[in-house]
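# Report on the structure
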Amino acid sequence: MILIAGGGIAGLVMGLTLHQLGLPFRVYERVAEPRPLGVGINLQPNSVRELFDLGLEAELDALGVRTRQYGFYSKHGQEIWVEPRGLHAGYHWPQFSVHRGHFQMMLLRVLRARAGAESVVTGAGVVGFESTDQGATLILSDGRRVTGDLAIAADGIHSAIRRQMVPDEGEPIWNGAIMWRGTTRAAQFLGGNAMFLAGHDSKRFVAYPISGPDPDTGLSEINWIAELRVDPARAMSKGDWNRPADKGDFAPAFEGWDFGWVDCPALIAGSGLVYEYPMVDREPLPSWTHGCVTLMGDAAHATYPVGSNGASLAIIDARKIGAALRAHGVGRAALLAYEAEMRPRVERILRANRGKGPDAVMQMVEDRTGGTRYDDINTVIPRAELATHAEHYKQLSGFSVDVLNGQPPILGAV
């Protein structure tokens, strides 16, 4: 039996992977009744390939949109770099923009349908573990103890299992930026199914649709993010992903950000509840595995939400663990093989995201123009330099077009 701590995206895809392999498992989730919380996320082609391999293509199409375009713009709404995405970029798999909570609920529903309702135990928070080289025990919040061959920590940025492994680590690291996130019913922009980021390091706005146009109104659900850098001495609830916020804390900073092709103040004004998220990550660890227990997803490598890559990394973790189990059997050797492959890779991504990853081009433009308008982006940053910058991050993150298209799904035929 393989024990999974956490029923978020990482833990549920891990469960689906183990079911696909025919391996017994249980997911232990602290929430008694999971609800579709959160806002939009993106699933990159490398993770969509794996979700399709799990038979979820129709489910994904029913949930969100196949992202067509991704672009960076100055604080004046001037184009810096725009590129096609997913199938439009030549990948064999699309990129999806979806509502995080609806995606999680779909994974939960499908897992229960395939593996049985008992495969996910709710109201069962994991508060600690015990492990040897032969097995693992999870200690639950109500005092129960469950024992298995392996345990996988998919319990997020505040992982109790990571805290036990690294007791002196402390709170997540905040870089002084806050993101306010919401969704608004509005018209799509830039030709539809497009994602944009505008601004620079201390002030930016991001938006993309997470539903297709309503046949009656023509409006879509638009996910948006307003980000500001504030006084880092401000007290923050670090890692609380569902903290309601006051629009008055940030909306005035984006007055005038109506670019003609999108009206950012209108998106803010037209939304309902808005959530406040600190921009936090954690330092890379020298090891993820203790005995027969290992970390995955945010428990292993919480990183800034740069490059639209966080959920995709968690999905890849699950599939790599599955491949290691198939290659090495259900034991510590499989966990060590997974860690040896993934830990160096995600550490490079985490450090790149601290340097703003692909988003860095917006600050480069701000610095080189002094914040003024320009007539031709080539006079600010040559397009060849922009293309090289974009490709570098794709290669680092494992979704370079040629490389990904040349690979089969991680597990392939099962």
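Before going into details, it helps to say that this report is about the structure given with it. As the structure is a computational prediction, the values presented were derived from the model and not from experiment.

Now for the overall build of the protein. A tally of helices and strands in the protein yields 12 helices and 19 strands. The C-alpha radius of gyration of the protein comes to 21 Å, within 12% of the 22 Å expected for a compact globule of 414 residues. Referenced to the eigenvectors of the C-alpha coordinate spread, the extents of the protein come out at roughly 65 × 45 × 45 Å. Counting the 414 residues in the protein, one finds 55% classified as buried. In the protein, once contacts between residues fewer than 6 apart in sequence are set aside, the share between residues at least 24 apart is 76%. Seen as two clouds, the 40 positive and the 46 negative side-chain charges of the protein have centres 2 Å apart.

Bringing the packing of helix α1 (residues 9–21) against helix α4 (residues 100–115) into the picture now. Where α1 contacts α4, the two axes come as close as 9 Å, and the packing angle between them is 30 degrees. In this view, α1 runs roughly parallel relative to α4, as classed from their interaxial angle. Crossing of α1 against α4: the hand is left-handed. Seen from α1, the contacting residues are I9, L12, V13, G15, L16 and H19; seen from α4, they are R100, F103, Q104, L107, L108, V110, L111, R114 and A115. Looking at the contact of α1 with α4 residue by residue, the class counts come to 10 nonpolar, three polar and two charged.

On to α1, then. Compared with the 18 Å implied by 1.5 Å per residue over 13 residues, the 18 Å span of α1 between its first and last C-alpha is a close match. Of all 13 residues that make up α1, 11 are buried, and the element is covered over most of its length. Among the residues trailing α1, G22 stands out with phi positive, at a value near 75 degrees.

So, on to the packing of aromatic side chains. Overall, the coordinates contain 16 aromatic pairs when judged by the stated rule. Measuring from centroid to centroid gives 6.5 Å for Y275 and Y277, while their planes differ by 70 degrees, and the two rings are edge-to-face. Taking the relative accessible area as the measure of exposure, Y275 reaches 16% and is therefore buried. Taken together, the aromatic side chains of Y73, W180, F189, F196, F205, W224, F250, F254, W257, F259 and W261 make up a single cluster linked through ring pairs. Cation over ring: R49 sits above W93, and NZ or CZ is 5.8 Å from the ring centre. Just above the ring of Y277 sits the side chain of R181; from NZ or CZ to the centre is 5.6 Å.

Counting across every chain of the model gives 21 salt bridges. In this structure, E341 and K320 form a salt bridge, with 2.6 Å as the shortest nitrogen-oxygen distance. With E341 in helix α9 (residues 332–354) and K320 in helix α8 (residues 310–328), the pair connects residues that are 21 residues apart, well separated along the chain. With a shortest N-O distance of 3.3 Å, E347 and R351 are connected by a salt bridge. Of this pair, E347 and R351 both sit in helix α9, separated by four residues, roughly a single helical turn. Classification of R351 as partly exposed rests on a relative accessible area of 43%. What you see here is one network of salt bridges that share partners, running through R49, E50, D53 and R319.

The next thing to look at is the packing of α1 against α8. Viewed as axis vectors pointing N to C, α1 and α8 meet at an angle of 30 degrees, and their least axial separation amounts to 9 Å. When the axes of α1 and α8 are compared, the pair comes out roughly parallel. Viewed along their axes, α1 and α8 form a crossing whose handedness is right-handed. On α8, the residues touching I9, A10, V13, M14, T17, L18, Q20 and L21 of α1 are A311, A314, I315, A318, R319, I321, G322, L325 and R326.

For the second largest pocket, the calculated volume is near 200 Å³. Lining of the second largest pocket is provided by 17 residues; of these, R345, G398, F399, V403 and Q407 occupy positions nearest its centre. Elements with a contribution of two residues or more to the lining of the second largest pocket: α2 (45–53), α8, α9, α11 (383–397) and α12 (401–405). Here the element with the most residues in the lining of the second largest pocket is α11; it accounts for four residues. Looking at the lining of the second largest pocket residue by residue, the class counts come to six nonpolar, six polar and five charged.

So, how was this worked out
Residues numbered from 1 in each chain as written. Predicted model: local features only at pLDDT ≥ 70, side-chain atom pairs only at ≥ 80, totals over all residues. Heavy atoms only, no water. Helix = DSSP H or I, 4+ residues; strand = E, 2+ residues; numbered from the N terminus. Rg over C-alpha atoms; globule rule 2.2 N^0.38 Å. Buried < 20%, exposed > 50% of the residue type's maximum accessible area, 1.4 Å probe, protein only. Contact = heavy atoms within 4.5 Å. Lys, Arg positive; Asp, Glu negative; His and termini not counted. Charge placed at Lys NZ, Arg CZ, Asp CG, Glu CD. Axes fitted to C-alpha atoms, helices over the stretch in contact; angles between N-to-C directions. Parallel < 35°, antiparallel > 145°, perpendicular 65-115°, else oblique. Left-handed = near helix turned anticlockwise from the far one by under 90°. Nonpolar A, V, L, I, M, F, W, Y, C, P; charged D, E, K, R; others polar. Expected span 1.5 Å × (residues − 1). Phe/Tyr/Trp six-rings, centres within 6.5 Å; stacked < 30°, edge-to-face > 60°. Lys NZ or Arg CZ within 6 Å of the ring centre and 35° of its normal. Salt bridge = Lys/Arg side-chain N within 4 Å of Asp/Glu carboxyl O. 1 Å grid on protein atoms, 1.4 Å probe; cavity = no way out; pocket = protein on both sides within 12 Å on 5 of 7 lines; lining within 4 Å. Points joined across faces, edges and corners; volume = space filled by probe spheres on them.

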